[in-house]
Amino acid sequence: MSKFFSISTDQVAALVEVARQGNLRRAADVLHISEQGVRNRLVALERRLGVQLYHKRRGMRRSTPLTVQGRQFLPHATAFLERARELADRFRSQPVREVHVAASQYLILYGLVAIIRRFHAAAPQIQIRLRTRTEREIEAELLSDPDVALGIAAPHEPAHELDYHHLFSMNWSLITPPRHPLLKKKRIRLRDLANQPLIFFERNSTGRQHVIDAFHLHGLSPRVEMEATTTEIIVRMVEAGLGLSIVPLLSNGIVTRGRAVATKSLGNLIRPIHSGILVRRGETPSPAAQQFIDFVKTHWPR
């Protein structure tokens, strides 16, 4: 049986790059290894082939650093690397595909992070690129940026050009410091909260509008003490004793877990927050985007 030479693509690539660049230093820069690393690979290759492939010492100015044997071997080395690339491409798993997703910070923090981790394990060939945006920004990007495949948000009134696919709904709860007097009430009414120092979501957010609408429906004007962008910040502000807040909470308790705050459900006093997936109307998502959409629908925490 014929004996095969044991040579590696790294060794052959070192020779090809030295020929292209003209010296070991520039070849090392291209290969992102040390000059000694290139030299070691060439020595190992020469040992396997039993010939000298490049000039070790500086002498007269040469057009190529390769010896006669090195120049003879070069086209075979180039073909060897090309064949190796073809084999790798042929048997490599599906190429990596990207799906750009715009979502609110609340949904990213308390749902999407865990879902994407599981999705990557199930579909490693698909990479999810997340953008943290407000509800309005999510809609605007879907309508203006074709790279954004879908949005995950709680839109107040989705744009006519977008389709909304419902995921889940959240009811509202009061968040207070521990042992606050309001917690003793069997049933809290909005009038009980009207004169309390409340921490609201920022203006133009879906959550803020739901709360304002509920107060106005009862002829009340809430006392807005402070405003914040995210639920996490609001919870920290309540924990610090800066006021009370009314926020939508997931039933699994993840939003306030580990925080020195208390919560009490407000029942149906405020319209639930409906969250879901937004896609451009009349556009069929790519197979990768559709696979992620189906996964989110199946695995979103209730």
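Residues numbered from 1 in each chain as written. Predicted model: local features only at pLDDT ≥ 70, side-chain atom pairs only at ≥ 80, totals over all residues. Heavy atoms only, no water.

Enquirer: Would you mind showing me how to read the overall build of the protein chain here?
Expert: Each helix and strand counted, the protein chain has ten helices and ten strands in total. C-alpha extents for the protein chain along the principal axes are approximately 95 × 45 × 40 Å. Out of the 302 residues belonging to the protein chain, those deemed buried represent 42%. Partitioning the intrachain contacts of the protein chain with sequence separation of at least 6 by distance along the chain shows that 72% fall at a separation of at least 24. (Helix = DSSP H or I, 4+ residues; strand = E, 2+ residues; numbered from the N terminus. Buried < 20%, exposed > 50% of the residue type's maximum accessible area, 1.4 Å probe, protein only. Contact = heavy atoms within 4.5 Å.)

Enquirer: Even after reading the chapter, I still don't get the pattern of salt bridges, so can you show me in this structure?
Expert: One side chain can pair with another of opposite charge once the charged atoms of both are near each other. In the structure shown here, the tally under the stated rule is 17 salt bridges. Two residues, Lys 56 and Glu 46, come together in a salt bridge whose shortest N-O distance is 2.8 Å. Residue Lys 56 is found in the loop between α3 (35-49) and α4 (68-91), and its partner Glu 46 is found in helix α3; the two are separated by ten residues along the sequence. We note a salt bridge from Arg 189 to Asp 192, for which the minimum N-O separation is 3.8 Å. On the basis of relative accessible area, Asp 192 is assigned to the buried category, the value being 16%. (Salt bridge = Lys/Arg side-chain N within 4 Å of Asp/Glu carboxyl O.)

Enquirer: What is the right way to look at the pairing of strand β6 (residues 198-201) in this model?
Expert: Two strands pair when backbone bridges link them, and β6 and strand β7 (residues 224-228) are joined in this way by four bridges, in the parallel orientation. Paired with Leu 198 across the bridge in β7 is Val 224. Two elements, β6 and strand β8 (residues 244-248), share two bridges in a ladder whose sense is parallel. Across the sheet, Leu 198 pairs through a bridge with Leu 244, a residue of β8. (Pairing = 2+ DSSP bridges.)

Enquirer: Would you mind going over the sheet that holds strand β4 (residues 162-170) with me for this structure?
Expert: Sheet strands line up and pair through hydrogen bonds in the backbone, either parallel or antiparallel. The mixed open sheet is built from five strands, whose spatial order is β2-β1-β3-β10-β4. Edge positions in the sheet fall to β2 (126-132) and β4, since each of these pairs with one other strand and no more. Neighbouring strand axes in the sheet, compared pairwise and without regard to direction, differ in orientation by 25° on average. Pairing between strand β1 (residues 97-103) and strand β3 (residues 148-153): four bridges, direction parallel. Bridged to His 100 within β3 is Val 148. Its contacts with the sheet put helix α5 (residues 105-122) on β1, β2, β3, β4 and β10 (273-280), and the angle it makes with β2 is roughly 170°. (Axes fitted to C-alpha atoms, helices over the stretch in contact; angles between N-to-C directions.)

Enquirer: Could you clarify how one ought to interpret helix α6 (residues 135-144) in this entry?
Expert: Residues three or four positions apart in an α-helix share a direction because the helix packs 3.6 residues into each turn. Glu 135, Ile 138, Glu 139, Glu 141 and Leu 142 are the residues of α6 that are buried. Each buried residue of α6 lies within a common arc of 165° when the element is viewed along its axis, so the set occupies one face. Residues Arg 136 and Ser 144 are exposed on α6 and point more than 90 degrees away from its buried face. (Arc of directions from axis to C-beta.)

These results come straight from atomic positions and should not be treated as a statement about function.
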